[in-house]
Amino acid sequence: MCLKFDHGDRTLHEENTTVLSQRRYVSAYGYEQAKALTFSNYGEPPSVLSLHSHSISPPHNDLMTLRFLASPINPADINQIQGVYPSKPNFTTSLGTADPIAVAGNEGVAEIIALGDKVKSEGFKKGDWVFMKGPGFGTWRTHASATIDQVVKLDDEMRQGISPIQAGTISINPCTAYRMLRDFTTLSEGEWFIQNGANSGVGRAAIQLGKKWGYKSINIIRGRDDKAAEDKLKKELKELGADVVITDTELQSQGIEDMSKEWTNGGREPIKLALNCVNGKAATAMAKLLSSSAHFVTYGAMSKQPLTIPASMLIFKNIHFHGFWVSRWAEKHPDEKKTTVADVLEMTRKGEFRDIPVDEIRWEWETKGEELIAKVKSTLEGYREGKGVFVFGKT
Ligand SMILES: NC(=O)c1ccc[n+]([C@@H]2O[C@H](COP(=O)([O-])OP(=O)(O)OC[C@H]3O[C@@H](n4cnc5c(N)ncnc54)[C@H](OP(=O)(O)O)[C@@H]3O)[C@@H](O)[C@H]2O)c1
């Protein structure tokens, strides 16, 4: 039996969640009805994902029931479903299936709708917003049962003026950009960094953080067949604070080193840091623009090409090559993760950090699995205008 639930007693931030908090159906005895995009085998998302319904028993002790508000579709989520991401999801039969299944998605924000006594005694309350402490939780779902140690609470003051989409997309990409700009070398005001994938969530965050901290940036995007769309994208990134925006073709054209000298005051302003999420030839070309003893950080592999480094770059130019994975960093530095997120939220509140362009995918209780899976599929195709984000309505 399904009963309509009255949410008159809830302490939600009305301005952010009036639409999102409209209520779902709850079965008798307080069992939550939940739906999740799940997979039982690794593979291409359209072939392995399916929408699974299950119920969640009322929480007790250290358990809480979450209702998701917004969950993005990140490249890592796709890699995880394909089975090529180092962090594996939790395959379980606890969602009522005979064979183990895993819930897709790693990032998102959820509200607490019910909680056990131990959770209350740890300072959580109904209506609190939480995001996931690490990867592998499964965020492409309407509801979940979680323990205290799986979530990070967004304190009430941190949440003020923040929308679910902002909160649901802040814990991975902006943190990644923030730490890469800060933790590999010390950039002084007026010094340069260079990055590819500049229109990605991470890239846009790096442009804005860099601008705020006084760094200058050279930003590489993939060229578009449609020149007007390419110019529009370049303009958009400049409005975010990018100093230079070029395409990967322009980067690999003759005369780029002279142009780079022009941008950097005859080479007197060093390019001390490169951020690479693409690899392949364009990444090698990017490394060539770096100043001696600069740092080159690889954090993604969008082109699926290897990274090729000429030996001279290591021997004579003394470029330091690093990798960065925010999940590993967050596991080692949980407190810094919180302060990093708080910093970005503060910037967002002050209007210093603009939202990423988003393709909102409404997920209502009635939304069909095929529709959701088709949206996941479309995120696999590049040249998108915005990141796909599941935004939960009446669930
Ligand atoms: N290491 C970490 O801790 C960490 C954390 C967060 C993200 N990441 C990585 O950072 C990268 C960006 O993630 P995101 O969530 O910010 O991305 P996003 O907003 O979803 O955007 C995807 C980006 O990838 C580009 N792209 C897609 N296919 C490509 C291809 N074949 N060759 C070159 N570029 C391609 C897109 O460019 P177009 O517009 O031209 O298609 C766009 O800039 C991903 O590789 C992700 O795995 C790593």
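For clarity, every value in this text was computed on a predicted model and none was experimentally measured.

Chemist: Can you explain the UniProt feature "domain: Enoyl reductase (ER)" (unreviewed entry) in the chain? Please cite residues and give values.
Modeler: Residues given the UniProt feature "domain: Enoyl reductase (ER)" (unreviewed entry) here are residues 44-380. Helix makes up 36% of residues 44-380 and strand 22%. Its end C-alpha atoms lie 10 Å apart.

Chemist: Outline unusual backbone geometry, listing residues and values.
Modeler: Excluding glycine, residues mostly have negative phi values, and the peptide bonds linking residues are mostly trans. With a phi angle near 50°, asparagine 61 is a residue other than glycine that sits in the positive phi range. Tracing the chain through its elements places asparagine 61 in the loop between strand E4 (50-56) and strand E5 (63-72). Positioned with a positive phi, lysine 304 is a non-glycine residue whose angle comes to about 65°. With respect to the element layout, lysine 304 can be found in the loop between strand E15 (295-298) and helix H13 (311-315).

Chemist: Before we move on, could you go through the pairing of strand E8 (residues 129-132) and cite the residues and values that matter?
Modeler: Here E8 shows a buried face lined by Trp129 and Phe131 and a second buried face lined by Val130 and Met132. Of the pairings in the sheet, the one linking strand E7 (residues 109-115) to E8 comprises three bridges and is antiparallel in character. Paired with glutamate 111 across the two strands is tryptophan 129, which belongs to E8.

Chemist: Describe the nonpolar core, listing the residues and the values that go with them.
Modeler: Leu66, Phe193, Ala274 and Met286 are the most contacted members of the largest nonpolar core, which has 99 residues in total. Looking at this core, the element that brings in the most residues is E7, giving six residues. The residue makeup of this core includes at least three contributed by each of domain 1 (32-169 + 356-392) and domain 2 (172-328).

Chemist: Break down the packing of helix H7 (residues 173-183) against helix H8 (residues 201-212) for me, citing the residues and quoting the values.
Modeler: Each pair of packed helices can be summarised by the angle the axes make with each other and by the distance between the axes. At a closest axis distance of 8 Å, the pairing of H7 and H8 adopts a crossing angle of 50°. Taken together, the axes of H7 and H8 lie oblique to each other. For H7 against H8, the interelement crossing comes out right-handed. Contacts from Asn173, Pro174, Thr176, Ala177, Tyr178 and Leu181 in H7 reach Gly201, Val202, Ala205, Ala206, Leu209 and Gly210 in H8.

Chemist: For the sheet that holds strand E13 (residues 244-247), give the residues involved together with the corresponding values.
Modeler: The strands making up a sheet associate through backbone hydrogen bonding, with each pair oriented either parallel or antiparallel. Strand order in the open sheet formed by six strands is E13-E12-E11-E14-E15-E16, with parallel pairing between adjacent strands. The sheet is open, and its two edges are formed by E13 and strand E16 (320-323), each paired on a single side. Adjacent strand axes in the sheet meet at a mean angle of 15° when their direction is disregarded. Of the pairings in the sheet, the one linking E15 to E16 comprises four bridges and is parallel in character. Note on E16: the bridge partner recorded for histidine 295 is histidine 320.

Here is what the cut-offs are and how they apply
- Residues numbered from 1 in each chain as written.
- Predicted model: local features only at pLDDT ≥ 70, side-chain atom pairs only at ≥ 80, totals over all residues.
- UniProt positions renumbered as here; feature names shortened; annotations may be inferred.
- Helix = DSSP H or I, 4+ residues; strand = E, 2+ residues; numbered from the N terminus.
- Buried ≥ 20, exposed ≤ 12 C-beta atoms within 10 Å, placed from the backbone.
- Pairing = 2+ DSSP bridges.
- Core = buried A, V, L, I, M, F, W, Y, C linked by C-beta atoms within 7 Å.
- Domains from an automatic or database assignment.
- Axes fitted to C-alpha atoms, helices over the stretch in contact; angles between N-to-C directions.
- Parallel < 35°, antiparallel > 145°, perpendicular 65-115°, else oblique.
- Left-handed = near helix turned anticlockwise from the far one by under 90°.
- Contact = placed C-beta atoms within 7 Å.

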